[in-house]
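# Observations on chain architecture
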Amino acid sequence: MLELKNITFTVDDNGEQKTIIKDLSLTIENGRFVVITGPNGSGKSTLARIIMGIESPTSGKIYFDGKDITDLGITERARLGISFAFQQPVRFKGIKVHDLLRISSGKELSVAEACSYLSEVGLCARDYVNREINSSLSGGELKRIEIATLLARSTKLSVFDEPEAGIDLWSFQNLIRIFENMRSDIKDSSIVIISHQERILRIADQIVLLTNGEIKKTGTADDVLPELIGTTAAVNACEKLK
Amino acid sequence: MLNLDEIQKSLMAEVADITDVPAGAYNFRVNSELAGRSTTDNINIVTKEGMPGIDIFIKPNTKNESVHIPVVVSESGIKETVYNDFFIGDNCDVVIVAGCGIDNCGTHDSQHDGIHRFYVGKNSKIKYVEKHYGSGNGEGKRILNPVTEVYMEENSVMEMEMEQIKGVDSTERNTIAELKANAKLIVKERLMTHGSQTAVSGYKVSLNGEGSNADVVSRSVARDNSSQTFNACIAGNAPCSGHTECDSIIMDNGKILAIPSLEANDVDAMLVHEAAIGKIAGDQLVKLMTLGLTEAEAEEQIINGFLG
């Protein structure tokens, strides 16, 4: 269980203090698939980065399974069981897909095991396991590999920062399928996804609508989704093509 | 394996992956003395007269054979220049493993300058692997100044992997190559400097024959207060194609000077160069830390991958 208590995050914007997250409190229960949505600039990605420890809150506390992790760094939080999928996956010259999956799993990983994670994200494993994670991979391929690293980690809390950003419509259909599978295999772990996508919002146990760094509304998909349809907080996949 | 002490054995393992007497032809040089030699029906090794070094003769049509010529220096204060010439016949397919390891626990500098010349026959395919390595914590420096000259006949292919990852205080490498028609040269250089080491690597590749091709790629990492210079020139003197690339990671107070250059002397010479120097991207470190690595572990992974 993740608890955010009175989180505030301010930045110095050319000498002016700008508040990105305002006194935000939120609890993510175990076994929940939570989607955080909201218009651009509402603080969604910042919140995800605060959970992983990439950004430190200006004030407030973060508890993970009852333990105060506010002052812990990225590595320590990762080791406690928090994972993070980047909005823009990072490229590494010379590091192969197999290497990254091995690091993710924290153990020696056979080619067969590495392949099973790649197959889950819809990549033909044989073609990818020995590929370098460099600029020869497309945005959609990188995104799927990024998700595979989280599958290989299989931690208690997985945070995905806009998994749909930068991928084509065809890949998007597969992405939805991957999240539907994760949703059904969730057990007592929890998943937090930052997304505007209606189809991802539809499979959420809980939707959190963020506006100007504050929670405007939270509840089940049935409660929250109707008022979001047609706004930038819940777009249809085809909107991406417009 | 022969009569080597533990330090010498570990140097052999580092520079030539040798833990036992290798199959095929070999010549071991330890502290300026011949420590073991083996020849085959097709590969002969002869000590030079009047100057230090060996001549290696590979008969035409020799296939799937290898030659190992590692050098180990474990006494402080040795300074040597060694001339090794390879005469490779036509239609060969051979692997040559060289490499030099210096262990210096003393106060005097140890230096090995290997001058290698390759005469590669028509249609022959050579893979050349060379590793340089230094160890020992004496004040004396470990110095390696290799000179490599490659003369390639028509349709020959030479693939060179040159690696210097650790422990060499000062190195100045010079490589020249001359290619005839349809000859192909592939160079992969891997270099890491640390402490206050200096490394200079220069290439002059002359594409003299029609259809000749060269690809010279260097990846390097400069850490601590070390400095590196990479100076690669590809000259196109005929309808040919050439590519040179220098890709470097700079850390701490490291310094890197990259001077890729091209010289086109024929209107149909297609030449490309690329150079990039930068520090490790913050996002790369963060990504690996989100997978549970510490910052230092993440840095090692990134460097190992980059130089791998």
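Residues numbered from 1 in each chain as written. Chains lettered and ligands numbered in written order. Predicted model: local features only at pLDDT ≥ 70, side-chain atom pairs only at ≥ 80, totals over all residues.

## Section: the environment of Ala25 of chain B
Residue and element names in this part refer to chain B. With respect to the secondary-structure elements, Ala25 resides in strand E1 (residues 25-30). Since 25 C-beta atoms lie within 10 Å of it, Ala25 is described here as buried. For the pair Ala25 and Thr39, spaced 14 residues apart in sequence, the C-alpha to C-alpha distance is 4.6 Å. (Helix = DSSP H or I, 4+ residues; strand = E, 2+ residues; numbered from the N terminus. Buried ≥ 20, exposed ≤ 12 C-beta atoms within 10 Å, placed from the backbone.)

## Points about the packing of helix H4 (residues 111-120) of chain A against helix H6 (residues 139-153) of chain A
Residue and element names in this part refer to chain A. Viewed as axis vectors pointing N to C, H4 and H6 meet at an angle of 125°, and their least axial separation amounts to 9 Å. When the interaxial angle is binned, H4 and H6 end up oblique. Considering the relative orientation of H4 and H6, their crossing is right-handed. Judged by residue contacts, Tyr117, Leu118 and Glu120 of H4 engage Ala148, Leu151 and Ala152 from H6. (Axes fitted to C-alpha atoms, helices over the stretch in contact; angles between N-to-C directions. Parallel < 35°, antiparallel > 145°, perpendicular 65-115°, else oblique. Left-handed = near helix turned anticlockwise from the far one by under 90°. Contact = placed C-beta atoms within 7 Å.)

## Examining the domain arrangement of chain B
Residues and elements named next belong to chain B. In terms of domains, chain B is made up of domain 1 (1-163) and domain 2 (169-308). With 25 residues of domain 1 in contact, the opposing surface of domain 2 contributes 23 residues. Mapped by element, the contributors of at least two residues to the side of domain 1 that touches domain 2 are strand E11 (125-135), strand E12 (142-144), strand E13 (147-152) and strand E14 (157-166). Residues of the side of domain 1 that touches domain 2, tallied by class, amount to 11 nonpolar, 6 polar and 8 charged. (Domains from an automatic or database assignment. Nonpolar A, V, L, I, M, F, W, Y, C, P; charged D, E, K, R; others polar.)

## Observations concerning the sheet that holds strand E1 (residues 2-13) of chain A
Paired through their backbone hydrogen bonds, the strands of a sheet run either parallel or antiparallel. Residue and element names in this part refer to chain A. Strands sit in the order E2-E1-E4-E5 across an open sheet of 4 strands; the sheet is antiparallel. Strands at the two margins of the open sheet, each flanked by one partner only, are strand E2 (16-28) and strand E5 (67-68). Two elements, strand E4 (residues 59-64) and E5, share 2 bridges in a ladder whose sense is antiparallel. Within E5, the residue paired with Phe64 across the bridge is Lys67. Relative to the sheet, helix H1 (residues 44-52) contacts E1 and E2, its axis offset from that of E1 by approximately 115°. (Pairing = 2+ DSSP bridges.)

## Describing helix H3 (residues 97-105) of chain A
With 7 of 9 residues buried, H3 of chain A is to be regarded as a mostly interior element. Those residues of H3 of chain A that sit buried are Val97, His98, Asp99, Leu100, Leu101, Ile103 and Ser104 of chain A. Buried-residue contacts for H3 of chain A involve H4, helix H5 (125-128) and H6 of chain A together with helix H2 (282-290) and helix H3 (295-307) of chain B. Once H3 of chain A finishes, Gly106 of chain A follows within two positions and takes phi at roughly 75°, a positive value.

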